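# Overview (structure and organization)
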Amino acid sequence: MPDEIQERAGVQVLVCDPAGPTVATEQDALDLVGAAFLGAQVVAVPANRLDERFFSLGTRFAGDVMQKFVNYRLRLAVVGDISAQLAESSALRALVHESNQGGHIWFLPDLDALDARLRAAQ
């Protein structure tokens, strides 16, 4: 399936294809932002599409990517199992916890959890 805008819980979401290209640069993140400007309010990126540097906070890549979405007033949902990365980094666990408390960046296990989060946010 290609990346496509879907209505999920009454919200337009750009659901990214798990088999799509890796988000490995800030430009890759901006490309997703641009695709979302076709009408989405949220971008759901499968965790497996994010370069491993995203989960290694010392690289600052996660912060750079997340800031792009905040700057363009888009919500970012990282969807998928990141338990292996969480087990290796207390800093990442803290980032995920803090992000999930807010309204812009979420780390969720699957699209059903995204739907629930979107319904709760309305």
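Residues numbered from 1 in each chain as written. Predicted model: local features only at pLDDT ≥ 70, side-chain atom pairs only at ≥ 80, totals over all residues. Heavy atoms only, no water.

### Describing the packing of aromatic side chains
The final tally for this structure, using the stated rule, is 4 aromatic pairs. With 5.2 Å between their ring centres and 75 degrees between their planes, Phe54 and Phe55 make a pair best called edge-to-face. With a relative accessible area of 5%, Phe55 lands in the buried category. Centre to centre, the rings of Phe54 and Phe107 are 6.4 Å apart; their planes meet at 45 degrees, and the pair counts as tilted. (Phe/Tyr/Trp six-rings, centres within 6.5 Å; stacked < 30°, edge-to-face > 60°. Buried < 20%, exposed > 50% of the residue type's maximum accessible area, 1.4 Å probe, protein only.)

### Some words on the pairing of strand S2 (residues 11-15)
Of all 5 residues in S2, 4 are buried; the element is thus mostly enclosed. What sits between the antiparallel neighbours strand S1 (residues 4-8) and S2 is a turn of 2 residues, in which Ala9 has the positive phi angle 55 degrees. The β-α-β motif built from S2, the intervening helix H1 (residues 26-36) and the parallel element strand S3 (residues 42-46) has right-handed crossover chirality. (Helix = DSSP H or I, 4+ residues; strand = E, 2+ residues; numbered from the N terminus. Pairing = 2+ DSSP bridges. Right-handed = clockwise from strand over helix to strand, strands pointing away.)

### With respect to the side chain of Arg75
Along the polypeptide, Arg75 turns up in strand S4 (residues 75-79). It turns out Arg75 is buried and unbridged, and the closest side chain with the opposite charge, Asp115, is 11 Å from it. (Lys, Arg positive; Asp, Glu negative; His and termini not counted. Salt bridge = Lys/Arg side-chain N within 4 Å of Asp/Glu carboxyl O.)

### Digging into the environment of Asp110
Counting through the fold element by element, Asp110 comes out in the loop between strand S5 (105-108) and helix H5 (111-121). Separated by 31 residues in the primary sequence, Asp110 and Val79 place their C-alpha atoms 5.3 Å from one another. When residues no more than four places from it in sequence are discounted, the contact partners of Asp110 are Val79 and Gly80. At 3.2 Å, the side chain of Asp110 forms a polar contact with the backbone nitrogen of Asp112. (Contact = heavy atoms within 4.5 Å. Polar contact = N/O pair within 3.5 Å; in protein donor to acceptor, adjacent residues only side chain to side chain.)

### Things to note about the sheet that holds S3
With mixed pairing, 5 strands are arranged side by side in an open sheet as S1-S2-S3-S4-S5. Two strands in the sheet have a free side with no partner beyond their single neighbour: S1 and S5. Looking at each pair of strands side by side, their axes are set apart by 25 degrees on average, direction ignored. In the sheet, S4 pairs with S5 via 4 bridges, with the strands oriented parallel. Residue Val79 lies in a different strand from S5, and its bridge partner there is Leu108. Along the sheet, H5 makes contact with S1, S2, S3, S4 and S5, crossing S5 at roughly 140 degrees. (Axes fitted to C-alpha atoms, helices over the stretch in contact; angles between N-to-C directions.)

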